[in-house]
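Geometric and topological summary
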Amino acid sequence: MRFWRLLAVVSFVMVSVFSARQPAQGEIAEPPAAEGIPTRQIILKYRDDAGMIGAQASVETQMARLSAQAGVALTYFRPMSGDAHVLQLPERLPVREVARIAARLSALPEVEYAEPDYILQPMLVPNDLQYTNQWHYYETYGINLPQAWNITRGVTGTVVAVIDTGHRPHVDLASRIVGGYDFISDAQVANDGNGRDADPQDPGDWITAAESASGYFQGCPVSNSSWHGTHVAGTIGAVTNNSQGVAGVNWHARILSVRVLGKCGGTTSDIVDGVRWAAGLAVTGVPANANPAKVLNLSLGGSGSCSAAWQSAINAVNALGRIVVVAAGNSNANASGFTPASCNGVITVGATNRSGVRSSYSNFGSVVDVSAPGGETFPTTSNGILSTLNSGTTNPGLDNYVYYQGTSMAAPHVAGVASLMVGLNPTLNFTQTETILRNTTKPFGPGHTCIAPTSCGTGIVNAHAALRATPRLAFLPVVRRATGGGGGSWVNITQQSFESNTFPPSGWSVNDSAGYQWGRRNCLAFDGSFSVWAVGGGALGAALLCGASYPHNVDTWLVYGPFNLSDATAAQLTFRYWLNSEQNYDFLFWGSSLDNTSYTGQQVSGNSSGWVNVTFSLNARVGQSQVWVAFNFDSDSSIANPYGALIDNVLVRKCVGGVCSSLMAAPEEQPAAWEDAERVYGQLVQRPPKP
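The paragraphs below set out a description of the structure included in this document. (Residues numbered from 1 in each chain as written. Predicted model: local features only at pLDDT ≥ 70, side-chain atom pairs only at ≥ 80, totals over all residues. Heavy atoms only, no water.)

For helix α7 (residues 228-237), the tally of buried residues reaches 10 of 10 residues, placing the bulk of the element in the interior. Among all positions of α7, only H228, G229, T230, H231, V232, A233, G234, T235, I236 and G237 are buried. (Buried < 20%, exposed > 50% of the residue type's maximum accessible area, 1.4 Å probe, protein only. Helix = DSSP H or I, 4+ residues; strand = E, 2+ residues; numbered from the N terminus.)

What follows deals with the pattern of salt bridges. Enumeration according to the criterion identifies 11 salt bridges in this entry. Notably, a salt bridge pairs R196 with D273, separated by 2.8 Å at the nearest N-O pair. Separated by 77 residues along the polypeptide, R196 in the loop between α5 (187-190) and α6 (209-213) and D273 in helix α8 (residues 268-279) bring together distant segments of the chain. Among the residues examined, R196 registers a relative accessible area of 27% and is labelled partly exposed. Residue D273 is classed as partly exposed on the basis of its relative accessible area of 22%. Each of D182, D192 and R259 takes part in a single network of salt bridges with overlapping partners. (Salt bridge = Lys/Arg side-chain N within 4 Å of Asp/Glu carboxyl O.)

Strand order across the open sheet formed by 4 strands is β4-β5-β3-β6, with antiparallel pairing between neighbours. Two strands in the sheet have a free side with no partner beyond their single neighbour: β4 (75-80) and β6 (111-116). Looking at each pair of strands side by side, their axes are set apart by 25° on average, direction ignored. Pairing of strand β3 (residues 39-46) with β6, which is carried by 5 bridges, proceeds in the antiparallel orientation. For I43, the partnering residue across the bridge sits in β6 and is E115. (Pairing = 2+ DSSP bridges. Axes fitted to C-alpha atoms, helices over the stretch in contact; angles between N-to-C directions.)

Here we come to the nonpolar core. Ranked by internal contacts, the top residues of the largest apolar core, which has 55 residues, are L145, V349 and V414. At 11 residues, the largest contribution of residues to this core is made by helix α10 (residues 407-424). Sequence-distant contacts of L145, that is, excluding residues within four places in its chain, are made with Y137, V249, L420 and A463. (Core = buried A, V, L, I, M, F, W, Y, C linked by side-chain atoms within 4.5 Å. Contact = heavy atoms within 4.5 Å.)

A few words on the packing of α10 against helix α11 (residues 430-439). Packed helices, taken two at a time, are described by their axes: the angle between them and the distance between them. At a closest axis distance of 11 Å, the pairing of α10 and α11 adopts a crossing angle of 115°. Here α10 is positioned roughly perpendicular relative to α11, judged by the angle of their axes. Pair α10 / α11 crosses with right-handed handedness. Facing α10, whose interface residues are V414, V417, A418 and M421, α11 presents T433, I436 and L437. The residue inventory of the contact of α10 with α11, partitioned by class, reads 6 nonpolar, 1 polar and no charged. (Parallel < 35°, antiparallel > 145°, perpendicular 65-115°, else oblique. Left-handed = near helix turned anticlockwise from the far one by under 90°. Nonpolar A, V, L, I, M, F, W, Y, C, P; charged D, E, K, R; others polar.)

Inspection of the entire model under this criterion finds 25 aromatic pairs. Seen in terms of ring centroids, Y131 and Y137 are 6.4 Å apart; in terms of plane orientation they differ by 40°. Their pairing is tilted. Pair check on accessibility: Y131 and Y137 agree, each one buried. Ring plane angle 45° and centroid distance 5.2 Å describe the contact between Y131 and Y138, whose orientation is recorded as tilted. Y138 matches Y131 in its accessibility class, with the two residues each being buried. Every member of this aromatic cluster is reached through a ring pair, and the members are Y131, Y137, Y138, W149 and W251. Over the face of the ring belonging to W206 we find K263, whose NZ or CZ atom lies 4.7 Å from the ring centre. Lying across the ring of F217, K263 places its NZ or CZ 5.3 Å from the centre. (Phe/Tyr/Trp six-rings, centres within 6.5 Å; stacked < 30°, edge-to-face > 60°. Lys NZ or Arg CZ within 6 Å of the ring centre and 35° of its normal.)

Any functional reading would require information that these geometric values do not contain.
Written as structure tokens, this is what we have:
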């Protein structure tokens, strides 16, 4: 029976020395990329400044020339140092648009350069008390998280699976866990009194000298309990900015705890089952996963090249759009001889130390994609990776924080960054994510040996650069002007991310269905902390805990309107949905109406596996003075899944005054799962009988 081992080298030393450098609170980030703060100013410098500082009449003439070239009215604001000038636009615009305007100005023969007047901010630093010891986040050879967190700190809709030893309910981690399963089928290895069960908590994996010498665990290394999964999970998603403990890479993602390693490790069959289940695939004898993970972290491995069972599982997971991150291994050997590091379709991660060079234990070779901090605790313990742990040497003890080293510690840094990336763009797949991560790394430290044949990937993962390179599905600010020369302007009619305490917001209404209605909750959210849950409000719904299953026979409506499209030339409804319903029987519907009774739109059922972006045309309602839009969730009399439907980031906008060029991401092609549908407000959907 082949056993697979966790890939951490343990340093059982409690945190007591605070020696890491803390980033200066006022340290300034480099200019933001396309997702930076909108600006209304441009910096311009002439090749011959004398032509601009003459009489006022020449200034006005030149401003007219610049405005004509820019395609938008510009005004002169002030001179600045270096003989440059600051020009102003009529309003704040996205950085991408301002960059395009500046490029047009740069094409003039008299202009030396023109660029957006970027808005910079202090880099975000969390207040977790031991963050200063997490050098692997912010130092020169850390992963550049403070600047990354200025772009995003993650979203609650992202689920990351930690496929490991299970977890302890650590105070700095427990609230981030969103269920899981114990896949260890051997009761002695599981060490919890039984085989597979729905409890992924870690009871301990210690091996005594007597056990190692003879009996069931003969030959297994003597060790205390590792609490390995708890440490890995803390790096990915420890509760952050809570004035205690450590910070996680992702502040908001949920952790799916999948227990596959116990005493002396775990078997391929158990681990492969855990991988498939974590991604949302069916496993015989195991309940369906209500929270499929987008990112899967495997800080484990064993000798031998990738087997058919492993490759088949990874292929199936990749086909669902999932992203698998694995540790390269701790044998100071070529990772091509280890599994799952050598499998296709995974992001294989090597380890670096505090000096930015390959850690002495880290595997290497052409299969390694990138490296990340894995630390080295000898001779200095604090040069390891600090994360959540437990003080028990055998059975569970008290919560604590411990420095570990290993490629097991490097991999969750990369999994955490990948989870931030998919928070910006949930459509990212393995190939896209791997490419971005490989193309945005920072260089290794001086004296490194990461060249063939001991290559360590393209460099050290750089969270900030990776997020800047991630194509983002943006949510619009309040008003956008067209730039396409059609004379029109987009005007936002309503925009809701449901962060305000007032619910329903002004202009919105909900109905009650047997004590359940749409409610504002902080369970899952695409952006910020809140979204609206189809059954999370009302006399009964308000008492539902996050993750509870929706009730039978509900018909809940969330309506906005009426609003006026009589002056519109085009109109759109955009939003995000998260869905987990019985396929073909329990539906989320969205649509529009002229009387708030008969609605026409689209419906979907099943599991969305994350947040889905929708752009729904309202052009058929253009010219009407009273229009409503609505979301409806209805269920039948049997089978209910956790949550049902949630909605976030709703925008209704219209184009007025001419033709508008869209400043939104192009509408996605309609998935086959979306069906054209009609609804009558307050009437349950008629369904075919179940077989």
